[in-house]
Amino acid sequence: MTDFHALPLKPALLASLETLGYTTMTPVQEQSLPPMLQGRDVIAQAQTGSGKTAAFGLSLLQSLDVDTIRLQALVLCPTRELADQVSKAIRKLAANIPNVKLLTLCGGMPLGPQLASLTHDPHIVVGTPGRVQEHLKRESLHGGGIKVLVLDEADRMLDMGFSEAIDDIIGRIAKHHQTLLFSATYPDEIRAVSQRVQKNPVQITVEAPAEAKPAIEQQFIEVEPAQKPDALAQLLGSERGQHALVFCNMRREVDAVAQELDHRGFSALALHGDMEQRDRDEVLVRFANRSCAVLVATDVAARGLDIVALPLVVSYDIAHDPETHTHRIGRTGRAGQSGLAITLCSSRERPKAANIEELTGTPLPWRPLKLAPARGLPASRGKTLHLAPMKTLVIDAGRQDKLRPGDILGALTGEAGLDANDIGKIDVFATRAYVAISRALANKALERLRAGKIKGRNFRVRSLG
Ligand code: AMP
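This one's a predicted model, so the numbers in the text were calculated from it and none came from an experiment.

Across its full length, the protein holds 17 helices and 17 strands. Computed over its C-alpha atoms, the radius of gyration of the protein comes to 25 Å, within 12% of the 23 Å expected for a compact globule of 465 residues. When its C-alpha atoms are laid out on the principal axes, the protein stretches across 75 × 55 × 35 Å. The burial tally for the protein puts 49% of its 465 residues in the buried class.

Below you can see the structure in the form of structure tokens.
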């Protein structure tokens, strides 16, 4: 069943599909539309380009009753850009249903005009969590009649710290509603959200096309200890090195390698069990939000790391046992992206390599590494050649100060005038908050945040690294 006509869709929707030239369903649509049209909760793993917007758009328009002037469908998106795209797509699908009122409500836009257009309830709202929450709180928006709630790109919304806002929104809308959750990845947090907010959901995972399946390439390089720093720097200098995890067996070595990389101009940080919890949190935040390019860690410390699709993992020393080795290489090549796992192995470490070979039963893929002529180290000191794309700002306030991600996003996109695209992950802890900003704009953001206010108050803000 791949033809839309096989679905019990309103003739007006079939007509729109015809105008748009959508004849056959995409795999996500084929699997999600039947249960969605039956009113079931659905959790679907779907990326941009999969046709997910049309899937939930058709479903919410099918159950819409235009004659009832109430808010019936709410779509939450991580960014204004996505909310605009989704609104456009739904408007096109609704083109043949007269009088559908759809409103886009996003943060970073003045509140006044939004309040003015809310004098009559719209049928559909597409927006970002912070602003939608604000309207529900002010009662400028009424959620009592909502039949369908869509969480689009749910993984990104969690990354941006919208989890609390979403929970609060759900507490303010009709108890009985259908929840449709779309997410490109399924980390544990997404499963937890689904369990919290969905009832017996139908789970849909669309097989990624064969070429998009995670593929891990392994390389073993024989290099003596004295050359390891040069070898590592050379490997990390490649494009994949922009987000890489380096494993060492010992804490001492973790610190030494991170320091050496720092000297050579990499934004690198160390992570090991000797560090205070607060420092560990900070390092993990900075690596996850892309303001640290290289994380050097012990196996134990890296266990808590929840980062998808690292393009490169390097074993600076070979793991003591094959199981640990397998664990390490499994940190790359996730979520449909290929990964590269490189192991540096000295002649003394050869027996450990032989163990791995024996256990896997396949010859190890050794490759030579020709070291580039020495550049008179540390030649690159101070030049910082391999900077991460983002920079982290720390705000000395957090949940205890009732600071929410939306407040930070609002201050940056509003008063500070930044574009939402230049703002990365926002993490709010009890007493501190971190926000990643595109490196080139970080100083501007810092100045603006210092000069302006967040949620009407002045907090201390500083930049890391
Ligand atoms: P999305 O994954 O929602 O971002 O959509 C990806 C693109 O596919 C959009 O440009 C849609 O217009 C288009 N599209 C969605 N469904 C179909 C379909 N059944 N046939 C052809 N194109 C589609």
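Right, let's talk about the domain arrangement of the protein for a bit. Taken domain by domain, the protein comprises domain 1 (4-205), domain 2 (214-376) and domain 3 (390-464). Between the C-alpha centres of domain 2 and domain 3 there is a distance of 31 Å. The partner domain 3 presents 11 residues to the nine residues of domain 2 that form the contact. Here domain 2 and domain 3 share one salt bridge between them. Linking domain 2 with domain 3 are five residue pairs in polar contact (both at pLDDT 80 or more), by the criterion used here.

Next up on the list: the site of the ligand. All residues in the neighbourhood of the ligand are listed as F4, Y22, T24, T26, Q29, Q47, T48, G49, S50, G51, K52 and T53. Within the side chain of Y22, an N or O atom sits 2.3 Å from an oxygen atom of the ligand. T53 has a polar side-chain atom sitting 2.5 Å from an oxygen atom of the ligand. Summarising the interface, the protein chains cover 65% of the accessible area of the ligand, which totals 500 Å² for the free molecule.

Ranked by size, the top nonpolar core spans 49 residues in total, and within it L76, L151, I395, I408, L412 and V435 carry the most contacts. Looking at this core, you find at least three residues from each of domain 1 (4-205) and domain 3 (390-464). Once residues lying within four places of it in the same chain are set aside, the contact partners of L412 are G417, L418, I423, V435, I437, A445 and L449. In terms of nonpolar packing, the next biggest core, distinct from the first, is built from 40 residues, M25, M36, L58 and V150 among them.

Moving on, we come to the packing of helix α2 (residues 27-37) against helix α3 (residues 52-62). Relative orientation of the contacting elements α2 and α3 amounts to 20 degrees, with a least axis distance of 9 Å. Between α2 and α3, the interaxial angle falls into the category roughly parallel. The way α2 lies across α3 gives a crossing that is right-handed. Contact residues: α2 offers V28, Q29, S32, L33, M36 and L37, while α3 offers K52, A54, A55, F56, L58, S59 and Q62. Broken down by class, the residue content of the contact of α2 with α3 amounts to eight nonpolar, four polar and one charged.

The next thing to look at is the side chain of D317. Structurally, D317 can be placed in the loop between β12 (312-315) and α14 (322-329). For D317, which is buried and forms no salt bridge, the nearest opposite charge comes from K228, at a distance of 4.4 Å. Among the polar contacts made by the side chain of D317, one reaches the main-chain amide nitrogen of N249 at a distance of 2.7 Å. Setting aside residues no more than four positions away along its own chain, D317 makes contact with K228, F247, C248, N249, E253, R328, L344 and E349.

Through backbone hydrogen bonds, the strands of a sheet pair up, either in parallel or in antiparallel fashion. One open sheet holds the seven strands; their spatial order is β3-β4-β2-β5-β6-β1-β7, and the pairing between them is parallel. Two strands close off the open sheet at either side, each with one partner strand: β3 (102-105) and β7 (202-205). Direction aside, neighbouring strands of the sheet carry axes that sit 10 degrees apart on average. Strand direction decides the pairing type here: strand β2 (residues 73-76) and strand β5 (residues 148-151), joined by four bridges, are parallel. Of the residues in β5, the one forming a bridge with V75 is V150. Relative to the sheet, helix α9 (residues 188-197) contacts β1 (42-45), β5, β6 (178-183) and β7, its axis offset from that of β6 by approximately 175 degrees.

Moving on to the environment of R286. Within the secondary structure, R286 sits in helix α12 (residues 277-288). Setting aside chain neighbours within four positions, we find R286 in contact with L269, S291, C292, T392, L464 and G465.

Taken residue by residue, the protein gives an average pLDDT of 90. The fraction at 70 or more is 93%. Overall, residues 376-384 carries pLDDT values under 50, and its contacts beyond four positions in sequence, including any with other chains, amount to nine contacts.

So, about the side chain of T324. Positionally, T324 belongs in helix α14. Looking at T324, its side chain comes within polar contact range of the side chain of D321, at 2.7 Å.

Spanning 13 residues, helix α11 (residues 251-263) covers 19 Å between terminal C-alpha atoms, matching the ideal 18 Å at 1.5 Å per step. If you check which residues of α11 are buried, you get V254, V257, A258 and L261. All buried residues of α11 fall inside an arc of 100 degrees around its axis, so they share one side. Set apart from the buried face of α11 by more than 90 degrees, the exposed residues are R252 and Q259. Phi for G265, located one or two positions after α11, is positive at around 90 degrees.

Residues of helix α6 (residues 129-138) that are buried: P129, R131, V132, Q133, H135 and L136. Here the buried face of α6 lies against β2, β3, α5 (111-117), β4 (124-127), α7 (154-159) and α8 (163-172). Within two residues after α6, E139 carries a phi angle of roughly 65 degrees, on the positive side.

About the thresholds
Residues numbered from 1 in each chain as written. Predicted model: local features only at pLDDT ≥ 70, side-chain atom pairs only at ≥ 80, totals over all residues. Heavy atoms only, no water. Helix = DSSP H or I, 4+ residues; strand = E, 2+ residues; numbered from the N terminus. Rg over C-alpha atoms; globule rule 2.2 N^0.38 Å. Buried < 20%, exposed > 50% of the residue type's maximum accessible area, 1.4 Å probe, protein only. Domains from an automatic or database assignment. Contact = heavy atoms within 4.5 Å. Salt bridge = Lys/Arg side-chain N within 4 Å of Asp/Glu carboxyl O. Polar contact = N/O pair within 3.5 Å; in protein donor to acceptor, adjacent residues only side chain to side chain. Near = heavy atom within 4 Å. Areas by Shrake-Rupley, 256 points an atom, 1.4 Å probe, with all protein chains shown as cover. Core = buried A, V, L, I, M, F, W, Y, C linked by side-chain atoms within 4.5 Å. Axes fitted to C-alpha atoms, helices over the stretch in contact; angles between N-to-C directions. Parallel < 35°, antiparallel > 145°, perpendicular 65-115°, else oblique. Left-handed = near helix turned anticlockwise from the far one by under 90°. Nonpolar A, V, L, I, M, F, W, Y, C, P; charged D, E, K, R; others polar. Lys, Arg positive; Asp, Glu negative; His and termini not counted. Pairing = 2+ DSSP bridges. pLDDT = per-residue confidence, 0-100. Expected span 1.5 Å × (residues − 1). Arc of directions from axis to C-beta.

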